[in-house]
Amino acid sequence: MILSSLAAAAALVQPLAEVPFRVAEDAIIVEAQVNGRKLALMVDTGFGGAVSVDSVVNIGKPTGTMNLKDFVGTFQAQSVKVQSLRIGGYAVPPGDMEAMLAPGERYSSFSYNTHVDGILGLEPFKAGPFEINFQNRKFVFYPKSFDVTQRVPDGKRTFLAKMLPIGHSSIELSVEAPSGKRLVMALDTGNSFYATTHKDVLERVGLWPQGRKPKFVRTVGVASGPVDSWVKRMTGMRIFGVEVPESYWDVIDLPASSAESDGTIGFQFLKNFNIVVDYERRRVWLENFTGKVSEPPVADVGIVLRADQAANRLRVARVLAGSPADRAGVKENDQLLAIDGKSYFANVGFRQLRLLTQGPAGSKVRLAFSRGGQLIQLDLEREPLYND
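Everything numeric in this text was worked out from a predicted model, so none of it was measured.

1. With respect to the confidence of the model for the protein
Parts of the model with low pLDDT should not have their predicted coordinates read in detail.
Consideration 1: Here the protein shows a mean pLDDT of 90. Residues at 70 or above account for 90%.
Consideration 2: Of the regions scoring below 50 in pLDDT, residues 1-6 engages in three contacts with residues more than four places distant in sequence or in other chains.

2. Observations regarding the nonpolar core
Consideration 1: Counting residues in each nonpolar core, the largest one holds 69 residues, and the members touching the most others are Phe-139, Ile-239, Phe-240, Trp-249, Phe-269 and Ile-275.
Consideration 2: If near-sequence neighbours (up to four positions away) are discounted, Ile-239 is found in contact with Ser-174, Val-175, Tyr-194, Val-244, Trp-249, Ile-265 and Phe-269.
Consideration 3: Grouped together as the second largest cluster of nonpolar side chains are 20 residues, Leu-314, Leu-367, Ile-376 and Leu-378 included.

3. Side note on the packing of aromatic side chains
Working definition: an aromatic ring pair is given by the centre-to-centre distance plus the angle between the planes.
Consideration 1: One pass over the structure, following the stated rule, counts 14 aromatic pairs.
Consideration 2: A ring pair is formed by Phe-21 and Phe-134, whose centres lie 6.1 Å apart and whose planes are at 75°; its orientation type is edge-to-face. Note that Phe-21 is positioned in the loop between strand 1 (17-20) and strand 2 (22-23) and Phe-134 in the loop between strand 12 (130-133) and strand 13 (138-141), a separation of 113 residues in sequence.
Consideration 3: With a relative accessible area of 6%, Phe-134 lands in the buried category.
Consideration 4: With a centroid separation of 5.3 Å and 50° between ring planes, the pair formed by Phe-125 and Phe-139 is classed as tilted. Residue Phe-125 is located in the loop between strand 11 (118-120) and strand 12, and its partner Phe-139 is located in strand 13; the two are separated by 14 residues in the primary sequence. Each member of the pair, Phe-125 together with Phe-139, is buried.
Consideration 5: The rings of Phe-21, Tyr-90, Phe-125, Phe-130, Phe-134, Phe-139, Phe-141 and Phe-267 are connected pair by pair, giving a single aromatic cluster.
Consideration 6: If you follow Arg-282 out to its NZ or CZ, it ends over the ring of Tyr-279, 5.0 Å from the centre.

4. Let's talk about the pattern of salt bridges
Between side chains of opposite charge, a pair can form when the charged atoms approach closely.
Consideration 1: The full count for this structure, using the stated rule, is 17 salt bridges.
Consideration 2: When the shortest N-O distance is used, the salt bridge between Asp-388 and Arg-233 registers 2.5 Å. On the criterion of sequence distance, the pair formed by Asp-388 in the segment after strand 31 (383-384) and Arg-233 in strand 19 (residues 225-239) is long-range, its members being 155 residues apart.
Consideration 3: Counted as one network, the salt bridges with shared partners bring together Asp-147, Asp-278 and Arg-281.

Criteria and thresholds
Position numbers for residues start from 1 in each chain and track the written sequence from start to end. Where local features are concerned, this predicted model is filtered to residues with pLDDT of at least 70; where side-chain atom pairs are given and counted, the filter is 80 or more; whole-chain, interface and lining totals use all residues. Working from all heavy atoms in the structure, the side-chain values ignore hydrogens and water. Each residue carries a pLDDT score, the predictor's confidence in it, ranging from 0 to 100. Any two residues having at least one pair of non-hydrogen atoms within 4.5 Å are treated as being in contact. We call a set of buried residues a nonpolar core when its members are Ala, Val, Leu, Ile, Met, Phe, Trp, Tyr or Cys and they connect through side-chain atoms within 4.5 Å of each other. Categorising residues by exposure relies on relative accessible area from a 1.4 Å probe, with only protein chains included: less than 20% of the type maximum marks a residue as buried, more than 50% marks it as exposed, and the intermediate range marks it as partly exposed. A pair of Phe, Tyr and Trp rings is counted when the ring centres sit within 6.5 Å of each other, with Trp represented by its six-membered ring. The angle between the planes then sorts it: under 30 degrees is stacked, over 60 is edge-to-face, the rest tilted. Strands here mean DSSP runs of E at least two residues long; helices mean DSSP runs of H or I at least four residues long; both are numbered from the N terminus. For a ring to carry a charge above it, either NZ of a lysine or CZ of an arginine must fall within 6 Å of the ring centroid while also lying within 35 degrees of the normal to the ring plane. For this document, the term salt bridge refers to a Lys or Arg side-chain nitrogen within 4 Å of an Asp or Glu carboxyl oxygen.

Laid out in structure tokens, this is it:
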């Protein structure tokens with residue numbers, strides 16, 4: 001009776017603000033203002049800072065530098081003091097926040113199939129409890145008196161996870177392997193995949209044999225540059241207290257850049273939940289409103305594409321051994337002319353390069369290539385390309 005009364009009282013706390021967002025190709029996009037400049041920002045809770053924008057976006061003169069760390073490395077960029085910050089209509093006290101200036105047009109180059117000026121990190125959200133409500137596509141900002149620990153989870157549809165006492169600029173939570181061994185994983189809306197970890201982490205917890213070479217290795221982009229990765233089918237995992245019978249994780253071949261974190265849980269898992277983060281009380285509430293916790297594996301033909309700016313075309317950078325493309329004779333450096341009759345040019349963003357040839361398992365795609373001036377047309381059937 002007492003617990004139900006406390007939970008009811010917590011539910012009656014009025015939010016400070018609600019801010020709508022939109023979902024664009026595996027990312028949350030929100031309208032914001034930084035130093036008076038209106039921006040469209042991708043929300044990335046895996047980025048511990050306040051804001052990062054393309055250096056071509058004018059939000060003021062550089063006032064310093066920042067060192068930033070991603071999955072595999074550290075890099076430095078110029079920064080600008082944040083004088084004012086609004087997320088939608090909600091004003092955030094800027095305090096000592098800085099905005100990073102990313103070189104060139106990292107974000108606006110068609111990264112999310114919509115216009116994006118940069119990313120909004122975790123720092124502006126940490127002042128009080130907040131909710132990422134995927135169901136209604138809005139952020140909810142609560143007063144500090146809102147206590148998420150008064151909610152009672154049922155362990156089936158609702159869950160209350162404890163943040164680990166590490167990672168002062170991230171939301172680090174526990175993930176359990178079938179063996180009971182623990183992985184430390186960050187809640188990361190900026191990771192467009194289901195989850196991302198490292199081969200050495202899987203070896204440590206017994207999910208990958210020492211010395212075994214993976215199949216279907218491809219190239220993916222992280223902030224510090226391209227890295228090799230592959231997909232691993234995972235069974236019997238427990239993510240933030242949620243039982244996940246089967247899921248597909250991206251695995252980076254290089255060791256982690258941090259000794260504390262083993263990777264991140266990304267958008268493809270998080271999109272199934274309404275999530276309340278109470279940073280001060282170190283708790284995360286998850287409400288599974290979709291009834292799903294994972295998706296079937298993505299199917300592909302097995303090519304990695306790169307932009308050839310000089311020719312304004314896409315070229316094959318890698319053919320995955322054993323894939324449909326490999327069996328059909330596609331070769332590195334083949335120039336891609338069209339996919340299902342549609343031409344593509346070099347202005348395709350890094351994320352889209354991976355998505356272009358993906359589709360449901362068993363579906364077919366027609367690819368047109370040029371090799372030494374000769375036209376080659378192939379009808380390929382997509383297959384799931386993962387490691388067990």
